[in-house]
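Per-entry structural report
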Amino acid sequence: MRKRCSSSRGRLVRNQVSEEDEQIDRLSNLPESLLLLILSLLPIPVAACTSVLSRRFHQIWEATHLIERRKHYYPKKDDCGLLRHDPSYPLFHLIIYTHYTKVDHLISLLNKAQSLGLRHLTIDLSSQHLSSSSLPIIFSFNFLLSLSISGVTLCDAYFVPSIVSLTHLKSLSLCLRQFDFVIFNEIVSRLYSLEDLFIELNWMRAFNLTCVTVRKLEITIKYCESLGILRLSMPNLEYLDIKISHGGMPHFSSEIPQLKKAFFSNDLVRQCNVPAICVFLKNMMNVESLKLDLTDHWEELHPFNMILDPDIEPPIFPNLKSLDLKLCVHDENMVDLIRLLQNCPVLESLKLIHKGPNKRRGSRSLFRSRLPRNADGNYQHACFQDLQIEEKRRQLIELLTKKSPQRVKI
């Protein structure tokens, strides 16, 4: 009986506690800064619906830090959220998709955002008339810290604003449809606080980039001509990321003495692109971390040396500590890998991932992995650590040499 009484009393106490918890309005007890953060993650129409909860929520949605004007989701309500934004609260982030937007209306939205002390702006200028009318206003923002523009055209001086007031801008992301590198360098040279630069090019033939302040650079090239040229002059650059998605390989030259990390990716490598890859690696000789993601073209019927030219002495990497390779590790590439390891005296870690043939018309057996068997029982990936120890490095080179049928001098 006592056990039954104690259990029933416990149930009554738990029920009373649960009823008290249900009566407490925990949402209203949250601090205003946290409520603004939560509402800023919601679409404007959804955040506006919270105005019916209580008097406190009646106008709090108008002070959210982020406003996103999307393509097909109540653009009038989204614009209302911007135009009615409480001026006592700064606007941190504004996202605008300009599809079916009139120029005058877009200019009014940008002027309102500028008066609110906008910090981060993401905008799509897909049409030419929007670029010519909006760029002067965008480049006059005083407190902007990051700017992301897609669909912009920089091929005529008419599009370049005469005054650039982005003195506090630290991050710039541009998706360029058409561009002139002279005009582009003129704009970048006026951004005295710029540290991170992200560029996406639909097509590239020649691109010269000069900037003193940039420390991180990411370039995405959808298509590059075989005779394309990419020149970088960045004395303070520390991180470089280059991606080529639809083939081609530019001839690379650079002045980047402070570079520490580099990543290069090419989805369609032909045998004629190998000399340009070798030149790229010679420009990366001072890096501490190097990542390569290379896929040979599916029309190449026979394996070829993808990293190094067999007739040219491979570059020396005196500071390289981490090397990640993602490619088809067939016989020729295995030979390149061994030659590369011999020229990395302080290498500590090596990561290898085999990329098998895809839609290839030749013999698949020629492209099978030459990696040693790993702990998972396959030959698709391998990881080696503590290679700064001379004995482990020698054992690794001997292991890879045994896997390669071609003779390599150790």
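The structure presented is a predicted model; accordingly, all values stated were derived computationally and were not measured.

1. Regarding the overall build of the protein
- Regarding its fold elements, the protein presents 10 helices and 16 strands.
- Taken across its 410 residues, the protein has 45% of its residues classed as buried.
- Sequence-distant contacts, at least 24 apart, represent 64% of the contacts inside the protein between residues at least 6 apart.
- As presented, the protein carries roughly 21,500 Å² of accessible surface, and 53% of it is formed by carbon and sulfur atoms.

2. Some details on empty space enclosed by the protein
- Summed over all chains, the structure comprises 2 cavities of 30 Å³ or more.
- Residues belonging to the lining of the second largest cavity are distributed by class as follows: 5 nonpolar, no polar and 3 charged.

3. Digging into the confidence of the model for the protein
- Here the protein averages 80 in pLDDT, and 75% of its residues register 70 or above.
- Predicted confidence is poor over residues 71-75, with pLDDT under 50, and the contacts of this stretch with residues over four places away or in other chains come to 9 contacts.

4. Here we look at the side chain of D293
- Tracing the backbone shows D293 in strand β13 (residues 289-296).
- Once you skip the residues sitting within four places of it in the chain, D293 turns out to touch F263, F264, S265, N266, K326 and K355.

5. Side note on the packing of aromatic side chains
- Evaluation of the coordinates by the stated rule reveals 3 aromatic pairs.
- Summarising the aromatic geometry, the rings of F252 and F280 are spaced 5.2 Å apart at their centres and angled 70° between planes, so their arrangement reads as edge-to-face. In this pair, F252 is assigned in strand β11 (residues 251-255) and F280 in helix α8 (residues 274-282), connecting sequence segments 28 residues apart.
- Aromatic pair F264 and F280: ring centres 4.8 Å apart, planes at 35°, arrangement tilted. Here F264 is found in strand β12 (residues 261-269), whereas its partner F280 is found in helix α8, with 16 residues between them in sequence.
- Residue F264 is classed as buried on the basis of its relative accessible area of 1%.
- Residue classification places F280 among the buried residues on the basis of a relative accessible area of 2%.
- The rings of F252, F264 and F280 are connected pair by pair, giving a single aromatic cluster.
- For the cation-ring pair, K216 lies above Y239, with the distance from its terminal atom to the ring centre recorded as 5.5 Å.

6. A word on a positive patch on the surface
- Taken together, the side chains of K261, K291, K326 and K351 define a basic patch exposed on the protein surface.
- With a relative accessible area of 34%, K326 lands in the partly exposed category.

7. Points about the nonpolar core
- One finds L217, L240 and M284 to be the most contacted residues of the largest nonpolar core, which totals 96 residues.
- Sorting elements by how many residues they give to this core places α8 first, with 6 residues.
- Those residues in contact with M284 that lie beyond four places of it in its chain are L240, F252, I256, L259, A262 and F317.

8. Things to note about the pattern of salt bridges
- Counted by the stated rule, this structure contains 11 salt bridges.
- The closest approach of N and O atoms between K243 and D241, which form a salt bridge, is 2.7 Å.
- For K243, a relative accessible area of 32% gives the class partly exposed.
- For D241, a relative accessible area of 5% translates into the label buried.
- Its salt-bridge partner being K392, residue D386 comes within 3.5 Å of it at the nearest N-O pair.
- Here the residues in one salt-bridge network are E391, R394 and E398, joined through shared partners.

About the thresholds
- Residues numbered from 1 in each chain as written.
- Predicted model: local features only at pLDDT ≥ 70, side-chain atom pairs only at ≥ 80, totals over all residues.
- Heavy atoms only, no water.
- Helix = DSSP H or I, 4+ residues; strand = E, 2+ residues; numbered from the N terminus.
- Buried < 20%, exposed > 50% of the residue type's maximum accessible area, 1.4 Å probe, protein only.
- Contact = heavy atoms within 4.5 Å.
- Areas by Shrake-Rupley, 256 points an atom, 1.4 Å probe, with all protein chains shown as cover.
- 1 Å grid on protein atoms, 1.4 Å probe; cavity = no way out; pocket = protein on both sides within 12 Å on 5 of 7 lines; lining within 4 Å.
- Points joined across faces, edges and corners; volume = space filled by probe spheres on them.
- Nonpolar A, V, L, I, M, F, W, Y, C, P; charged D, E, K, R; others polar.
- pLDDT = per-residue confidence, 0-100.
- Phe/Tyr/Trp six-rings, centres within 6.5 Å; stacked < 30°, edge-to-face > 60°.
- Lys NZ or Arg CZ within 6 Å of the ring centre and 35° of its normal.
- Patch = residues over 30% accessible without salt bridge, like charges linked within 9 Å, V, L, I, M, F, W, Y side chains within 5 Å.
- Salt bridge = Lys/Arg side-chain N within 4 Å of Asp/Glu carboxyl O.
- Lys, Arg positive; Asp, Glu negative; His and termini not counted.
- Charge placed at Lys NZ, Arg CZ, Asp CG, Glu CD.
- Core = buried A, V, L, I, M, F, W, Y, C linked by side-chain atoms within 4.5 Å.

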